[in-house]
Amino acid sequence: MEERLLSIENLEVSFHTYAGEIHAVRGVSFHVDKGETLAIVGESGCGKSVSMQTIMGLLPSPPAFIKNGRILYKQEDILKKTDREMEHYRGNEFAMIFQDSMTSLNPTMRVGKQMCEGITKHQKQSRKQAREIAVEMLKNVGLPNPEQVYCRYPHTLSGGQRQRVMIAMAIACKPGILFADEPTTALDVTMQAQILDLMNHLKKQTESSIVLVTHDLGVVARMADRIAVMYAGQIVESGTARQIFYEPKHPYTWGLLGAMPDTDKQRGSELYSIPGTPPDLFAPPEGCAFAARCEYCMQACRKEDPPETKAAQGHMARCWLLDERAISVEPPEGVIPKPLAATDEMVQEGCG
Amino acid sequence: MSDHILEVSSLKKYFRTGRKSILKAVDDVSFQIKRGETLGLVGESGCGKTTVGRTLVRIYEPDAGTILFDGQDISKMNKKESREMTRRMQMIFQDPYASLNAFYTIGEIIGEGLDIHHLCRNKKEREDRIVELLDMVGLHQDHRNRFPHEFSGGQRQRVGIARALALNPKFIVCDEAISALDVSIQAQVINLLMRFQQDLDLTYLFIAHDLSMVRHISTRTAVMYVGTIVESGETQELYNNPLHPYTQGLLSAVPVANPDYERGHERILMEGEVPSPINPGPGCRFAGRCRFAEERCRMELPMLKDVGAGHMVACHSV
């Protein structure tokens with residue numbers, strides 16, 4: 001039995017604005033086991049970053065407020081913790097890597113000082129020991145001359161180097177879960193490959209879990225053990241990486257997969273695309289949020305929100321098509337990537 | 001008329017960054033684009049691909065080299081001549097938030113080019129043309145009285161496309177036209193661009209860092225590295241049989257949306273970072289990161305040479 005590290009139950013988060021209430025997260029449940037990588041996929045505005053920031057306790061309230069739900073970390077509900085107690089979790093248990101390394105590092109502080117701040121606070125180390133740990137971490141993330149980087153200001157480093165500094169900072173206190181919010185979106189592909197490899201390497205070394213938020217399905221395929229697909233504040237489908245890529249059930253997942261140009265697809269052929277844009281979360285539509293863009297939309301879809309339906313062991317989708325009364329629909333051709341012949345090794349690794 | 005709509009030879013664009021430092025953004029770049037095809041220009045940020053695009057439409061003045069557009073050298077044109085040229089050559093920009101004037105309505109943005117080039121005889125004709133363009137890119141005609149901030153990123157990019165199409169151009173430079181958009185919106189815009197290419201007989205220079213999208217849309221592809229083209233060829237050939245060590249590394253780094261493939265294949269990891277284009281040394285720009293670098297690579301800049309069927313590579317070891 002895998003060890004359940006974090007479980008989110010029916011989380012609802014809203015923002016109060018002058019224009020009204022925005023329902024950013026509408027009943028999200030997922031869990032993270034020890035040592036696994038969970039990828040949360042979705043387009044901008046689907047609530048993936050907000051869910052993550054709620055877990056970290058980083059959302060300013062007001063305007064944000066948590067309407068409902070529980071967040072259990074090692075069986076304790078962290079939503080009930082005071083700000084003081086949360087400080088223990090942030091950094092020690094949860095750490096976060098942000099998308100934009102330029103704005104998330106303090107530009108007026110040297111890299112080393114920023115790193116030591118967290119280390120002295122969370123690990124009760126002296127300043128000298130903290131410095132040693134910081135330099136060690138900078139070395140671990142593959143920065144050449146860690147001593148030099150320690151004394152530099154963020155703006156003198158390149159984007160890839162800054163992202164490494166952020167990872168070093170995040171893992172300095174050996175967190176249980178590393179949250180990565182679009183960690184490589186601002187980077188070039190070659191730098192992205194280096195950073196992803198580094199994250200995988202560190203995950204193995206420290207046995208921590210990773211929650212990866214991204215919209216790039218290629219990155220997801222490379223990193224994730226399990227995947228949750230989010231749309232308009234809800235998780236519409238979740239399952240293992242192989243289930244989501246090779247046996248997707250939700251039309252939105254089909255659309256996401258189809259929108260990716262692929263080596264199998266004919267050059268210049270029309271890409272499968274989802275018409276329209278995501279719904280306005282000021283007033284989420286009645287029924288399924290995806291109904292307006294879905295080509296398989298039925299009457300039931302506009303009336304009632306589809307329940308979570310189990311498709312296979314560990315594979316869930318919110319879609320009326322999975323209801324036994326619905327007609328069976330096959331995903332459009334060319335959308336699903338072809339699985340390669342799985343070797344025994346891969347099955348044992350848990351991808352099977 | 002020649003087969004090529006655009007012929008660029010030995011194009012150079014330098015920026016002076018200090019008393020003794022020169023940033024060689026584009027250093028001796030040559031390529032041709034055939035009528036009706038799409039040339040994909042790929043490379044990492046800072047490699048000079050955007051500068052190439054901007055120099056072609058004369059946002060930047062080239063420092064050296066010739067740009068033949070429809071047989072005319074546009075690099076030495078005066079203002080009046082180049083105005084006529086810009087009518088046939090348009091650009092779609094990367095950032096749909098920064099490239100639309102926030103004080104203009106959508107109708108004014110699209111109509112500005114029509115006014116400058118006196119393409120409409122009267123007000124009615126102008127209005128009709130704007131409605132027609134909005135319709136072509138999938139926007140509603142009522143949108144013409146709205147301002148850019150009222151639109152989503154995908155819709156703004158459609159406005160950018162309508163603006164580019166307004167003057168009936170023959171050639172469009174798409175500078176990272178889809179990289180700021182969400183995946184499902186990217187597919188919509190790409191489909192739109194491909195359809196216009198067919199219907200309006202357009203030629204594209206498609207500048208992007210998303211290699212899988214470039215593979216999908218381009219007839220031919222050129223790979224840039226620190227101001228120079230290191231490899232170019234038919235898209236299929238280049239992607240299936242990359243010869244330059246940089247292209248090999250770049251292609252191998254692209255994540256593919258297929259978990260079995262991702263876990264199964266070995267990646268060629270390129271260590272280090274892209275060197276600075278300020279005062280580059282004499283040798284191959286890639287020598288510092290190349291697995292096969294020899295003495296010669298550090299001393300002598302390799303020239304593009306044809307290895308068959310229009311596949312060009314600039315590497316000493318090929």
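Residues numbered from 1 in each chain as written. Chains lettered and ligands numbered in written order. Predicted model: local features only at pLDDT ≥ 70, side-chain atom pairs only at ≥ 80, totals over all residues.

(A) Focus on the overall build of chain A. Secondary structure summary: chain A contains 13 helices and 12 strands in total. Counting only C-alpha atoms, chain A reaches 65 × 45 × 40 Å along its principal axes. Within chain A, the proportion of its 352 residues that are buried is 45%. (Helix = DSSP H or I, 4+ residues; strand = E, 2+ residues; numbered from the N terminus. Buried ≥ 20, exposed ≤ 12 C-beta atoms within 10 Å, placed from the backbone.)

(B) Inspection of the packing of helix α4 (residues 111-123) of chain A against helix α7 (residues 159-171) of chain A at higher detail. Residue and element names in this part refer to chain A. At a minimum axis separation of 9 Å, α4 and α7 run at an interaxial angle of 20 degrees. Put simply, α4 runs roughly parallel to α7. Between α4 and α7 lies a crossing whose hand is right-handed. Across the interface between the two elements, V111, Q114, M115 and G118 from α4 touch V165, A168 and M169 from α7. Split by residue class, the contact of α4 with α7 holds five nonpolar, two polar and no charged. (Axes fitted to C-alpha atoms, helices over the stretch in contact; angles between N-to-C directions. Parallel < 35°, antiparallel > 145°, perpendicular 65-115°, else oblique. Left-handed = near helix turned anticlockwise from the far one by under 90°. Contact = placed C-beta atoms within 7 Å. Nonpolar A, V, L, I, M, F, W, Y, C, P; charged D, E, K, R; others polar.)

(C) Geometry of the environment of A:D305. Residue and element names in this part refer to chain A. Position of D305 relative to the elements: it lies in the loop between α12 (299-303) and β11 (308-312). Along the chain, D305 and P251 lie 54 residues apart, while their C-alpha atoms are 15 Å from each other. Those residues within four positions of D305 in sequence are excluded, and the remaining contacts are G287 and C288.

(D) Layout of the interface of chain B and chain A. Each partner contributes to the interface: chain B provides 39 residues, whereas chain A provides 42 residues. For the side of chain B that touches chain A, the per-class residue count stands at 17 nonpolar, 14 polar and eight charged.

(E) Quick look at the nonpolar core. Core analysis: the largest hydrophobic core is formed by 185 residues, its most contacted members being A:A168, A:V229, B:C174, B:L205 and B:F206. By residue number, the principal contributor to this core is α7(A), which donates seven residues. In this view, B:L205 contacts B:I33, B:L39, B:L41, B:G53, B:L56, B:V173 and B:C174; residues no more than four positions away in its chain are not counted. (Core = buried A, V, L, I, M, F, W, Y, C linked by C-beta atoms within 7 Å.)

(F) View of the domain arrangement of chain A. Residues and elements named next belong to chain A. We note that the domain assignment places domain 1 (4-224) and domain 2 (230-264 + 271-348) within chain A. Taking only C-alpha atoms into account, the centre of domain 1 sits 28 Å from that of domain 2. Contacts between the two partners involve 21 residues from domain 1, matched on the other side by 16 residues from domain 2. Secondary-structure elements contributing two or more residues to the side of domain 1 that touches domain 2 are β2 (20-33), β3 (37-41) and α9 (217-223). A total of nine residues in the side of domain 1 that touches domain 2 trace back to one element, the largest contributor, which is β2. For the side of domain 1 that touches domain 2, the per-class residue count stands at 12 nonpolar, six polar and three charged. (Domains from an automatic or database assignment.)

(G) Expanded view of helix α5 (residues 127-140) of chain A. Residues and elements named next belong to chain A. Across its 14 residues, α5 extends 20 Å between first and last C-alpha, which sits within 8% of the 20 Å expected from 1.5 Å per residue. Taken together, the buried positions of α5 are occupied by A130, A134, M137 and L138. Relative to the axis of α5, the buried residues are bounded by an arc of 100 degrees and lie together on one face. Away from its buried face by more than 90 degrees, α5 exposes K128, E132 and E136. Against the buried residues of α5 lie α4, α6 (146-150) and α7. Among the residues trailing α5, G142 stands out with phi positive, at a value near 80 degrees. (Expected span 1.5 Å × (residues − 1). Arc of directions from axis to C-beta.)

(H) A look at unusual backbone geometry. Backbone geometry at A:A232 places phi at a positive 50 degrees, although glycine is not the residue there. Structurally, A:A232 is set in the loop between β9 (226-231) and β10 (234-240).

(I) Up close: the pairing of β3(A). Residues and elements named next belong to chain A. With five of five residues buried, β3 lies mostly within the body of the structure. Residues T37, A39 and V41 line one face of β3 and the alternating positions L38 and I40 line the opposite face, and both faces are buried. Here β3 runs beside strand β8 (residues 209-214); their pairing, made up of five bridges, is parallel. Pairing of I40 across the sheet is with V213, part of β8. (Pairing = 2+ DSSP bridges.)

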